[in-house]
Amino acid sequence: MELVARQRSFGGWQSRYKHRSEVLNCDMIFAIYLPPQAEKGPVPVLWWLSGLTCNDENFVTKAGAQRLAARLGMAIVCPDTSPRGTDLPGEHESYDFGSGAGFYVNATEAPWASHYRMYDYVVSELPALVREHFPVSEREAISGHSMGGHGALVCALKNPGRYDSVSAFAPIVNPADCDWGIKAFTGYLGEDRSAWLAWDTCALVAEGKSRQPLLVDQGLADNFLDSQLHPERLEKVCAEHDHPLQLRRHEHYDHSYFFIASLIDDHLRYHARHLGLAGEAQQPA
Ligand SMILES: N[C@@H](CCC(=O)N[C@@H](CS)C(=O)NCC(=O)O)C(=O)O
């Protein structure tokens, strides 16, 4: 593993590391924020999954999460959103498929299956690497935005008991039935739509394997709200299956990181409570 960049931030360190991913069969970069408390012992981790067109840097530079993470004593790891450095046919042609758009699934279709296994990367390979190299505890939470909100919800619902809490900003909750998801799943998973349901939040809630409460924030001025996001479908399936959901709609907020930055503290406090962190009493060093 190679250190790419490191900055002091609120008494902790914001870093980028490059490593070889066996799962994705390429080199990858991820970002990690270690709060000052990590110098004294293991801290819990929040996994942040970003959306289409992002890499590990969008959240780090735009969400403004470090100040409160430092006070709470929480590490934040931001993986990239797809394999990198590969050159598969059509991989770099559109913003919503291929590079920057891995959709946190394990592809089964050629040629994607040999690299596009972002689910295994996020749930298994990267956590093992992070635990090996950094002072993090076993406690973890997961959150994300848009495609990453879909990723966070799917990772949590597929692994009951694994994450202490899960939250999402403007998640794609029903990728099996919206244009972004249909395009991605056709490419990565093939034409058989029944295989898509294993990667669809609404379908996973209906399946009922997990009872984990979901926290979802959605801006009402989001230009993808009606075409791609469909929070009302999540609301309906959760009501039908008595799955705990806190869906909060916010007037005037759009799909951007201005929305995320406005509400990130609330999500960090939510996760801190579930991760057993004491609160904000601990000041940065
Ligand atoms: N490329 C499309 C959509 C891209 C987009 O909105 N991406 C979101 C996630 S789905 C994002 O976080 N973009 C990067 C950023 O705002 O820093 C557009 O520009 O309309």
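This structure is a prediction, so every number in the text was calculated from the model and none was measured. Here the residue index of a chain counts from 1 through its sequence in written order. Given that this is a predicted model, residues contribute local features only at a pLDDT of at least 70 and side-chain atom pairs are listed and counted only at 80 or more, while totals for whole chains, interfaces and linings are drawn from all residues. Note: side-chain values were computed over all heavy atoms of the structure, leaving out hydrogens and water.

Asker: Where do I start with the site of the ligand in this structure?
Answerer: The nearness test applies per residue and asks whether one of its heavy atoms lies within 4 Å of the molecule or strand. Near the ligand, the surroundings consist of G51, L52, T53, C54, N58, K62, Y95, H145, S146, F224, H255 and Y257. N58 places a polar side-chain atom, nitrogen or oxygen, 2.8 Å from an oxygen atom of the ligand. For the ligand, an oxygen atom lies 2.6 Å from a polar atom in the side chain of K62. Per-residue and other accessible areas follow the Shrake-Rupley method at a 1.4 Å probe size, with only the shown protein chains counted as cover for residues. Alone, the ligand offers 500 Å² of accessible surface; in the complex the protein occludes 70% of this. Polar contacts here mean pairs of N or O atoms no more than 3.5 Å apart (in protein, one a potential hydrogen donor and the other a potential acceptor; neighbouring residues in sequence count only if both atoms are side-chain atoms).

Asker: When you look at the side chain of S137 in this model, what are you seeing that I'm missing?
Answerer: Think of it this way: any DSSP run of H or I at least four residues long counts as a helix, any run of E at least two long counts as a strand, and we number them from the N terminus. Of note, S137 is situated in strand β6 (residues 136-145). If we skip the residues at most four places from it in the chain, S137 touches P42, V43, P44 and R131. Should any heavy atoms of two residues lie within 4.5 Å, those residues are considered in contact.

Asker: I tried to follow the pattern of salt bridges on my own but got confused; where do I start?
Answerer: Where charged atoms from two side chains of opposite charge come close, those side chains can pair. In what follows, salt bridge is the name for a side-chain nitrogen of Lys or Arg lying within 4 Å of a carboxyl oxygen of Asp or Glu. Enumeration over the complete set of coordinates arrives at 16 salt bridges. In this structure, E140 engages R131 in a salt bridge whose closest nitrogen and oxygen atoms are separated by 3.1 Å. When a residue's accessible area, from a 1.4 Å probe over protein chains only, is under 20% of the maximum for its type it is buried; when over 50% it is exposed; and in between it is partly exposed. We classify R131 as partly exposed; its relative accessible area is 30%. When the shortest N-O distance is used, the salt bridge between D266 and R248 registers 2.8 Å. One end of the pair, D266, is in helix α9 (residues 257-274); the other, R248, is in strand β9 (residues 245-250), and 18 residues separate them in sequence. What makes R248 partly exposed here is its relative accessible area of 22%. Beyond isolated ion pairs, a larger network of salt bridges with shared partners links R131, E138, E140 and R162.

Asker: In this structure, what is going on with the environment of V60? I would like to understand it.
Answerer: Examined against the element boundaries, V60 turns out to sit in helix α1 (residues 57-62). Residues V60 and L225, 165 residues apart in the sequence, show an inter-C-alpha distance of 24 Å. Not counting residues within four places of it along the chain, the set of residues in contact with V60 comprises Q14, A31, Q66 and C78.

Asker: How do you make sense of the packing of aromatic side chains when you look at a structure like this?
Answerer: Each Phe, Tyr or Trp ring (for Trp, its six-membered ring) is paired with any other whose centre lies within 6.5 Å, and the angle between the two planes then decides the class: stacked below 30 degrees, edge-to-face above 60, tilted in between. Scanning the model with the defined rule gives 16 aromatic pairs in all. Each ring, one from Y116 and one from Y188, has its centre 5.3 Å from the other, and the planes form 20°; the classification is stacked. With Y116 in the loop between β5 (75-78) and α3 (118-133) and Y188 in helix α5 (residues 179-189), the pair connects residues that are 72 residues apart, well separated along the chain. On the basis of relative accessible area, Y116 is assigned to the buried category, the value being 0%. On the basis of an interplanar angle of 75° and a centroid distance of 5.1 Å, the ring pair of Y119 and W199 is categorised as edge-to-face. Residue Y119 is found in helix α3, and its partner W199 is found in the loop between α5 and α6 (201-207); the two are separated by 80 residues along the sequence.

Asker: Please explain empty space enclosed by the protein as it appears in this structure.
Answerer: Over the atoms, a rolling probe the size of a water molecule traces out where space has been left empty. A cavity here means a set of points on a 1 Å grid, drawn over the protein atoms and nothing else, where a 1.4 Å probe fits but cannot get out; a pocket is an open set with protein on both sides within 12 Å along at least five of seven lines, and a residue lines either one if it has an atom within 4 Å of a point. Grid points are joined across faces, edges and corners, and a volume is the space filled by probe spheres set on the points. Scanning all chains against the criterion turns up 2 cavities of 30 Å³ or more. In terms of lining residues, the largest cavity is bounded by Q14, Y33, F59, V60, A65, Q66, A69, I76 and C78. Only α1, α2 (66-72) and β5 provide two or more residues apiece to the lining of the largest cavity. Of the residues belonging to the lining of the largest cavity, the class tally is 7 nonpolar, 2 polar and no charged. The wall of the second largest cavity is formed by V45, W47, P127, V130, R131, V136, S137, R139 and E140. Among the elements that make up the lining of the second largest cavity, the one with the highest residue count is β6 (4 residues). Residue type decides the class: Asp, Glu, Lys and Arg count as charged, Ala, Val, Leu, Ile, Met, Phe, Trp, Tyr, Cys and Pro as nonpolar, and the leftover types, Gly among them, as polar. Class assignment for the residues of the lining of the second largest cavity results in 5 nonpolar, 1 polar and 3 charged.

Asker: It is not clear to me how the pairing of strand β1 (residues 2-9) should be interpreted in this structure. Could you clarify?
Answerer: Consecutive residues of a regular strand have side chains that alternate between opposite faces of the sheet. Strand pairing requires that DSSP identify at least two bridges connecting the strands. Of the pairings in the sheet, the one linking β1 to strand β2 (residues 12-21) comprises 7 bridges and is antiparallel in character. Counted as the bridge partner of R6 is S15 from β2.

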